[in-house]
Amino acid sequence: MELTPRRHFLLGSLAAVALPKNARAQADAEPIGLGMIGTGNRGGYLTRSFLELPGARVKALCDIKPDRLDKAATLAAAHNPVTFSDYRRLLDRKDINAVVISTPCDLHVEMSIAALKAGKHVYCEKPVGITPESIAELVFVVRQSKTVFQAGQQRRSEARLRKTIEKVHEGVAGKIIMVKAQRHAGDDLAHEGPSADWFFDQKRSGDVIVEMAVHNLDVCNWAINSLPERAAGFGGNLMWVNQPPGRNTMDGYSLTYEYANGVKLSFTQVFFHTRGLPGGGQYNYLYGTEGAVDLDTSTLYPRARDAKPVVLVEPQPENRQAHLTAFLESIRTGAPPPAGIEVGATGALTAILG
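Residues numbered from 1 in each chain as written. Predicted model: local features only at pLDDT ≥ 70, side-chain atom pairs only at ≥ 80, totals over all residues. Heavy atoms only, no water.

Student: Quick one: what's the story with the sheet that holds strand E12 (residues 291-294), residue by residue and with numbers?
Tutor: The strand order across the open sheet formed by 8 strands is E8-E9-E10-E7-E11-E12-E13-E14, and the pairing between neighbours is mixed. Bordering the open sheet on either side are strand E8 (228-236) and strand E14 (310-311), each of which pairs with just one other strand. Pairing between strand E9 (residues 252-259) and strand E10 (residues 264-270): 7 bridges, direction antiparallel. Opposite Gly 252, over in E10, you have Val 270 as the bridge partner. Contacts between helix H13 (residues 341-353) and the sheet are confined to E8 and E9, with E8 contributing the most and set at about 50 degrees to the helix. (Pairing = 2+ DSSP bridges. Helix = DSSP H or I, 4+ residues; strand = E, 2+ residues; numbered from the N terminus. Contact = heavy atoms within 4.5 Å. Axes fitted to C-alpha atoms, helices over the stretch in contact; angles between N-to-C directions.)

Student: Summarise the pairing of strand E11 (residues 281-288); cite the residues concerned and give the values.
Tutor: When a strand is regular, its side chains alternate between the sheet's two faces. Pairing geometry for strand E7 (residues 176-184) and E11, over 8 bridges, is antiparallel. Looking at the pairing, Ala 181 lines up with Asn 284 of E11. Pairing between E11 and E12: 3 bridges, direction antiparallel. Each bridged residue has a counterpart across the sheet, and for Tyr 285 the counterpart in E12 is Asp 294. The antiparallel hairpin formed by E11 and E12 contains 2 residues in its connecting segment.

Student: An account of the packing of aromatic side chains is needed here, citing residue identities and associated values.
Tutor: Applying the stated rule across the entire model yields 6 aromatic pairs. Centre to centre, the rings of Tyr 123 and Phe 327 are 5.6 Å apart; their planes meet at 70 degrees, and the pair counts as edge-to-face. A residue pair is termed long-range when its members are at least 10 positions apart, and Tyr 123 in strand E5 (residues 121-124) and Phe 327 in helix H12 (residues 322-333) qualify at 204 residues. Measuring from ring centre to ring centre gives 4.1 Å for Tyr 283 and Tyr 285, while their planes differ by 10 degrees; the resulting arrangement is stacked. Among the aromatic side chains, those forming a connected cluster through ring pairs are Phe 50, Tyr 123 and Phe 327. (Phe/Tyr/Trp six-rings, centres within 6.5 Å; stacked < 30°, edge-to-face > 60°.)

Student: I'd love a proper account of the sheet that holds strand E2 (residues 56-62), names of residues and values included.
Tutor: A sheet is described by the order of its strands in space; here 6 strands give the open sequence E3-E2-E1-E4-E5-E6, paired in parallel fashion. Both outer strands of the open sheet, strand E3 (82-84) and strand E6 (149-151), are each paired with one neighbouring strand and no more. Going from strand to strand, the sheet's axes swing by 20 degrees on average, the running direction of each strand aside. In the sheet, E5 pairs with E6 via 3 bridges, with the strands oriented parallel. Residue pairing for E6: Cys 124 is matched across the bridge by Ala 151. In this fold helix H3 (residues 66-75) packs onto E2 and E3, with an angle of close to 160 degrees to the strand it touches most, E2.

Student: Let's hear about a nonpolar patch on the surface: which residues, and what values?
Tutor: A surface patch of nonpolar side chains, about 350 Å² in accessible area, is lined by Ile 177, Met 178, Tyr 285 and Tyr 287. Secondary structure elements with two or more residues in the nonpolar patch: E7 and E11. Of note, Tyr 285 is situated in strand E11. Classification of Tyr 285 as partly exposed rests on a relative accessible area of 31%. (Patch = residues over 30% accessible without salt bridge, like charges linked within 9 Å, V, L, I, M, F, W, Y side chains within 5 Å. Areas by Shrake-Rupley, 256 points an atom, 1.4 Å probe, with all protein chains shown as cover. Salt bridge = Lys/Arg side-chain N within 4 Å of Asp/Glu carboxyl O. Buried < 20%, exposed > 50% of the residue type's maximum accessible area, 1.4 Å probe, protein only.)

Student: Give me the packing of helix H5 (residues 108-117) against helix H6 (residues 132-144): which residues, what numbers.
Tutor: Look at H5 against H6: their axes get within 10 Å of each other, and the N-to-C directions meet at 15 degrees. One finds that H5 runs roughly parallel with respect to H6. As H5 packs across H6, the resulting crossing turns out to be left-handed. Listed contacts from H6 to Val 109, Ser 112, Ile 113, Leu 116 and Lys 117 of H5 are Ser 134, Glu 137, Leu 138, Val 141 and Val 142. Its residues placed into classes, the contact of H5 with H6 shows 6 nonpolar, 2 polar and 2 charged. (Parallel < 35°, antiparallel > 145°, perpendicular 65-115°, else oblique. Left-handed = near helix turned anticlockwise from the far one by under 90°. Nonpolar A, V, L, I, M, F, W, Y, C, P; charged D, E, K, R; others polar.)

Right, here's the structure in full:
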């Protein structure tokens, strides 16, 4: 499939236009009032994480499922949050400075736009949207807003990965010409449970490439330092046919992207990489004119015949809350978030193109 003119316009304009600086919302010492929209698996994790961060207060929770809402309210009891089943009522509250959106993917744009128009800062889980048209609308609203928008592309806040990609951009492996990346799992996602009622419906999740592999593709965009112009691929529901019933999402596919700077990307995702079979899991291999780089181990393999591998960045403790801390810091200081709308939108559009 070739990139349609509308997708090409969106990707190109996002790469070229700088975003306005975010306005500072409150004094450093004043707690940031948070409203959590969506309290399922991911929403529960984010709630727990924000509860641990100084300077943030979980003041409201929203979910349409009472059992999840009750569980989240118990979890956040120390902050005494109010609860809602309608997110618009949460947005009406003046004590809510920022919202965290972790609902099914088809609701991300609608809720983000409503929150931005209500003057709230927004942390939106990936993907930011599942159609080019809705993403274009969100980009427009973010650019008109004076509040912070951050996408949940948390790999942008991994210190070792960030330093490794900086070295790649400095030319440690020469000119990058090709990338091989994958996301291979040994089993399908649960066919029953919190996500089963929407994840396997392409119209709600955007399919597995948009809901899941957007993380991997965003890292590839970042490392390649360009955006794709064309893509072609094959895939389908191969192993878990009609499981669960009504499923219309893929469980295996292969893709090739061609980037504006000439780099080629080969990407695969499967849910049936048999346990024990070598080569599973996730990786990002960059091939350059002077050597290859394994992004995930930060290792350079020089092309010289007798050269030994070189660790570019030593392993270091990673702050699992770094991305959330950066969001709060952007609100307090106006510093650009590590994954603003340009990162969220180009990552989602790259996945949609695939």
